[in-house]
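Overview (structure and organization)
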Amino acid sequence: MSFASEAKKEITQKKIAKPCCLRAACYGIACFAKYFDARGIVLQTELSFVAQYAQKMFGRCGVAGTVEEIARTGGAVYEFAVKAPEEVEKLHTLFGTTGREPSLQIDPRLLICQGCMAAYIAAAFLCSGTVTDPSKEYNLEILTPRTNLAKDFEALLAEHEFAPHRTRRKGVNLVYVKASGHVEDLLTFMGASSASLRLMDQKVYKSLRNQTNRRTNCDTANLSKTANANAGTLRAIQYLHEENALAALPETLRQAAEKREQYPDLALAELAQQFTPAISKSGLSHRLKKLEAVAEQMKQRKEQAAEHV
């Protein structure tokens, strides 16, 4: 089961006790169903438990509906419908509608308390919403072909500080929430607390993974830098050997060259601890740079002498 399906399953298992909140849940289903008009309601979903939830909620409000499984090439679709004339009449009496309204918008009189708001938003999500697996990204969205309904729904989410956005995709209105914190809060508000906790856990995991990656990249860069520096020093020492020049250098430089050859892979601070007594990192750095400078000067003098031959 996908993350979105698990979140929806959790919502359908939440108990709604207050009659006003029960009606708000049914109203959310109606608004975001395939159609809601004088013919009644038809909701189509790929999740059987969502269709059964809709049937249960409307049944508790005294409106009888049917659930039918429709076989399709891409998989079964489950349809909840209220079509019988007497049930359609009860339906519109419940919401104070006629089914002939020119535009479907949210009636604030049907959202009395905070619980009503949560039930309505959760029902909208059940019918036409989805939430991305947090291991990939953070995004919760709800689609509707009804523009005025989308505007009202965006305002409803904004009223509860979920920072929603609205756009259109292939001619369909899309209301979405992107920030992880707001997605967490919205899932909790709708009754999907476990899904919200899973998102939080995934966010912590991503943060730790990113920190580890940053440390690894930093360590790799430092190792590369150290290796390049060591290689440059070793080339200089090798050149001084070839020119029989090391014996003429001061004791401190000869010791530095010997230790670097003995421990070619050690970082500067670690190499400094190999001396007896130990010397400072800056002191050793000065000696190794002096070796490189001597080797470079000898190369230049040799090249200049060759040019005059």
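Shown above is the structure to which this text applies.
Because the structure is predicted, anything quoted here is derived from the model rather than measured.

**Focus: the packing of aromatic side chains**
A complete count under the given rule lists nine aromatic pairs for this structure. For the pair Tyr27 and Phe95, a centre-to-centre distance of 5.3 Å together with 50° between the ring planes defines the contact as tilted. You can see Tyr27 sitting in helix 2 (residues 19-31) and its partner Phe95 sitting in helix 4 (residues 85-95), a full 68 residues away along the chain. Comparing Tyr27 with Phe95, the two get one shared label, buried. Between Tyr120 and Phe153, the aromatic rings sit 6.4 Å apart at their centres with planes inclined by 45°, giving tilted as the arrangement. Of this pair, Tyr120 sits in helix 5 (residues 114-128) while Phe153 is found in helix 6 (residues 147-159), placing the two residues 33 residues apart along the sequence. Among the residues examined, Phe153 registers a relative accessible area of 1% and is labelled buried. Above the plane of the ring of Phe275 lies Arg287, whose end atom (NZ or CZ) is 6.0 Å from the centre. In this structure, Lys299 is placed above the aromatic ring of Tyr239, and the distance from its NZ or CZ to the ring centre is 5.2 Å.

**A word on the sheet that holds strand 3 (residues 66-70)**
A sheet is described by the order of its strands in space; here four strands give the open sequence 1-2-4-3, paired in antiparallel fashion. Taken across any chain shown, the strands that pair with only one partner, and hence form the sheet edges, are strand 1 (35-37) and strand 3. Recorded for the sheet is a direction-independent mean angle of 15° between the axes of neighbouring strands. By the bridge criterion, three bridges tie strand 1 to strand 2 (residues 40-45) in an arrangement that is antiparallel. If you follow Phe36 over to strand 2, its bridge partner there is Ile41. Along the sheet, helix 3 (residues 48-60) makes contact with strand 2, strand 3 and strand 4 (77-82), crossing strand 4 at roughly 15°. In the packing of helix 4 onto the sheet, contacts are made with strand 1, strand 2 and strand 4, and the angle to strand 1 comes to roughly 85°.

**Considering the sheet that holds strand 7 (residues 165-169)**
Through backbone hydrogen bonds, the strands of a sheet pair up, either in parallel or in antiparallel fashion. If you walk across this open sheet you meet the four strands as 5-6-8-7, and the pairing is antiparallel. Edge positions in the sheet fall to strand 5 (129-131) and strand 7, since each has one partner strand and no second. Averaged over all adjacent pairs, the angle separating strand axes in this sheet is 25°, with direction ignored. By the bridge criterion, three bridges tie strand 5 to strand 6 (residues 140-144) in an arrangement that is antiparallel. Residue pairing across strands places Gly129 opposite Ile142, the latter belonging to strand 6.

Cut-offs used in this document
- Residues numbered from 1 in each chain as written.
- Predicted model: local features only at pLDDT ≥ 70, side-chain atom pairs only at ≥ 80, totals over all residues.
- Heavy atoms only, no water.
- Phe/Tyr/Trp six-rings, centres within 6.5 Å; stacked < 30°, edge-to-face > 60°.
- Helix = DSSP H or I, 4+ residues; strand = E, 2+ residues; numbered from the N terminus.
- Buried < 20%, exposed > 50% of the residue type's maximum accessible area, 1.4 Å probe, protein only.
- Lys NZ or Arg CZ within 6 Å of the ring centre and 35° of its normal.
- Pairing = 2+ DSSP bridges.
- Axes fitted to C-alpha atoms, helices over the stretch in contact; angles between N-to-C directions.
- Contact = heavy atoms within 4.5 Å.

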